[in-house]
Amino acid sequence: DQGTRPTLVFMASHIVAWHGTDKLIWLAEQSPEFDFEIIGLAPSDFEVPLLENVHTHVFLSYEGYANIVGKCDLAIGTLAWHRVGLAEASPLKVREYLASGLPTIIAYRDADFQDQPWYLLELPNEEFNVQRNLAKIKDFVWSMQGKRVSHDELRDRIDNGPKELKRLTFMSKVIQLTNSANLGTAERVTV
């Protein structure tokens, strides 16, 4: 609901460079008007004391996780793939956030979201992406508060059925091209 404090969720299993948890903590420091739920980490995992607007949850059952996510307005995906030389990824946690209806902030190219849909804010994949885009992030959070991504909007992007159909269609075209190229030779590729 507009007028309440937006809550953002981030999920991790441990501290790793590519998560960009340092960027997340910086964002929380710069955004005292937002609350941050960090699932999978303890306060002792961080090098700095956590602020009052940052809440951690070490281990949760699916029900516990779903309960927290259900109360959140947005999610944050990986913020620092650049630290390990990656520019494109398709993390499962982002699909989980979206399947839960949460608009999401990421900092890399995602093959399933090349067109940058309304519910996804893609930051540049660079070291100072959060700092340089703080105003953009805050505007996105406020504009997405209370909105949910529908399963219909995601079906062709993250559902295995449509993806498998695309893969099979592609493979069929490869076989057809191979067959056409091999016409007149002794061997012929068949389906």
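Since the structure is predicted, the reported quantities are computational estimates derived from the model, not experimental observations.

Novice: Explain the overall build of the protein chain to me, please; I cannot follow it from the model alone.
Specialist: Counting secondary structure elements, the protein chain contains seven helices and six strands. The N-to-C order of helical and strand elements in the protein chain reads β-α-β-β-α-β-α-β-β-α-α-α-α. Residues counted as buried form 42% of the 191 residues belonging to the protein chain. Long-range contacts, defined as pairs at least 24 residues apart, comprise 62% of the intrachain contacts of the protein chain with a sequence gap of at least 6. For the protein chain, the exposed surface amounts to about 10500 Å²; the carbon and sulfur share of it is 56%.

Novice: I tried to follow unusual backbone geometry on my own but got confused; where do I start?
Specialist: Located in the positive-phi region is Gln-116, a residue other than glycine, with phi close to 50°. Looking at the secondary structure, you find Gln-116 in the loop between strand 5 (104-106) and strand 6 (120-122). With a relative accessible area of 41%, Gln-116 lands in the partly exposed category.

Novice: What is the right way to read helix 2 (residues 62-71) from this model?
Specialist: Because each turn of an α-helix spans 3.6 residues, side chains separated by three or four positions end up pointing in the same direction. Of the residues making up helix 2, those classed as buried are Tyr-65, Ile-68 and Val-69. Seen from one end, helix 2 has its buried residues packed into an arc of 100°, which puts them on one side. Pointing more than 90 degrees away from the buried face of helix 2 are the exposed residues Glu-63 and Lys-71. As for helix 2, its buried residues are in contact with strand 1 (7-11), strand 2 (35-39), strand 3 (54-57) and helix 3 (92-99).

Novice: Help me understand the pattern of salt bridges, please; the structure alone is not making it clear to me.
Specialist: Any two side chains of opposite charge can pair if their charged atoms end up close together. One pass over the structure, following the stated rule, counts nine salt bridges. Arg-83 serves as the salt-bridge partner of Asp-22, at 2.8 Å between the closest nitrogen and oxygen. Remark: Arg-83 occurs in the loop between strand 4 (74-76) and helix 3 and Asp-22 occurs in helix 1 (residues 21-30); sequence separation between them is 61 residues. Since its relative accessible area comes to 42%, Asp-22 is described here as partly exposed. Glu-127 serves as the salt-bridge partner of Arg-83, at 2.6 Å between the closest nitrogen and oxygen. Taken as a pair, Arg-83 in the loop between strand 4 and helix 3 and Glu-127 in the loop between strand 6 and helix 4 (129-132) lie far apart in primary sequence, 44 residues in all. The class for Glu-127 is partly exposed, based on a relative accessible area of 35%.

Novice: Sorry if this is basic, but what is going on with the packing of helix 1 against helix 5 (residues 134-144) here?
Specialist: Helix-helix packing: each pair is described by the crossing angle between the helix axes and the interaxial distance. Where helix 1 meets helix 5, the closest approach of the two axes is 12 Å, and the angle between their N-to-C directions is 75°. Accordingly, the angle class assigned to the pair helix 1 and helix 5 is roughly perpendicular. On the side of helix 1, the interface is formed by Trp-26, Leu-27 and Gln-30, while helix 5 contributes Leu-134, Ile-137 and Lys-138. Grouping the constituent residues of the contact of helix 1 with helix 5 by class yields four nonpolar, one polar and one charged.

Novice: Got a minute to help me understand the environment of Asn-133 in this structure?
Specialist: Checked against the element boundaries, Asn-133 lands in the loop between helix 4 and helix 5. For Asn-133, a relative accessible area of 14% puts it in the buried group. For the pair Asn-133 and Leu-123, spaced 10 residues apart in sequence, the C-alpha to C-alpha distance is 7.4 Å. Ignoring sequence-local partners within four residues, the contact set of Asn-133 consists of Leu-123 and Pro-124.

Novice: Sorry if this is basic, but what is going on with the packing of aromatic side chains here?
Specialist: Given two aromatic rings, their pairing is described by the distance between the two centres and the angle made by the two planes. For the structure on display, the rule yields five aromatic pairs. Between Phe-113 and Tyr-119, the ring centres sit 6.2 Å apart and the planes meet at 85°, which makes this aromatic pair edge-to-face. Relative accessible area serves as the criterion here: at 2%, Tyr-119 is assigned to the buried category. Put simply, the rings of Phe-113, Trp-118 and Tyr-119 touch in pairs and so form one group of aromatic residues.

Novice: Which parts of the structure should I look at to understand the sheet that holds strand 1?
Specialist: Within a sheet, each strand pairs with its neighbour through backbone hydrogen bonds, oriented either parallel or antiparallel. The six strands lie next to each other as 3-2-1-4-5-6, forming an open sheet whose pairing is parallel. Each edge of the open sheet carries a strand with a single partner, namely strand 3 and strand 6. Along the sheet, successive strands turn relative to each other by an average axial angle of 20°, direction set aside. Bridge analysis of strand 4 against strand 5 gives two bridges, and the strand direction is parallel. Each residue of the ladder has a partner; that of Ala-75, found in strand 5, is Thr-104. Those strands touched by helix 3 are strand 1, strand 4 and strand 5, and its axis lies near 145° from that of strand 1.

Procedures and definitions
Residues numbered from 1 in each chain as written. Predicted model: local features only at pLDDT ≥ 70, side-chain atom pairs only at ≥ 80, totals over all residues. Heavy atoms only, no water. Helix = DSSP H or I, 4+ residues; strand = E, 2+ residues; numbered from the N terminus. Buried < 20%, exposed > 50% of the residue type's maximum accessible area, 1.4 Å probe, protein only. Contact = heavy atoms within 4.5 Å. Areas by Shrake-Rupley, 256 points an atom, 1.4 Å probe, with all protein chains shown as cover. Arc of directions from axis to C-beta. Salt bridge = Lys/Arg side-chain N within 4 Å of Asp/Glu carboxyl O. Axes fitted to C-alpha atoms, helices over the stretch in contact; angles between N-to-C directions. Parallel < 35°, antiparallel > 145°, perpendicular 65-115°, else oblique. Nonpolar A, V, L, I, M, F, W, Y, C, P; charged D, E, K, R; others polar. Phe/Tyr/Trp six-rings, centres within 6.5 Å; stacked < 30°, edge-to-face > 60°. Pairing = 2+ DSSP bridges.

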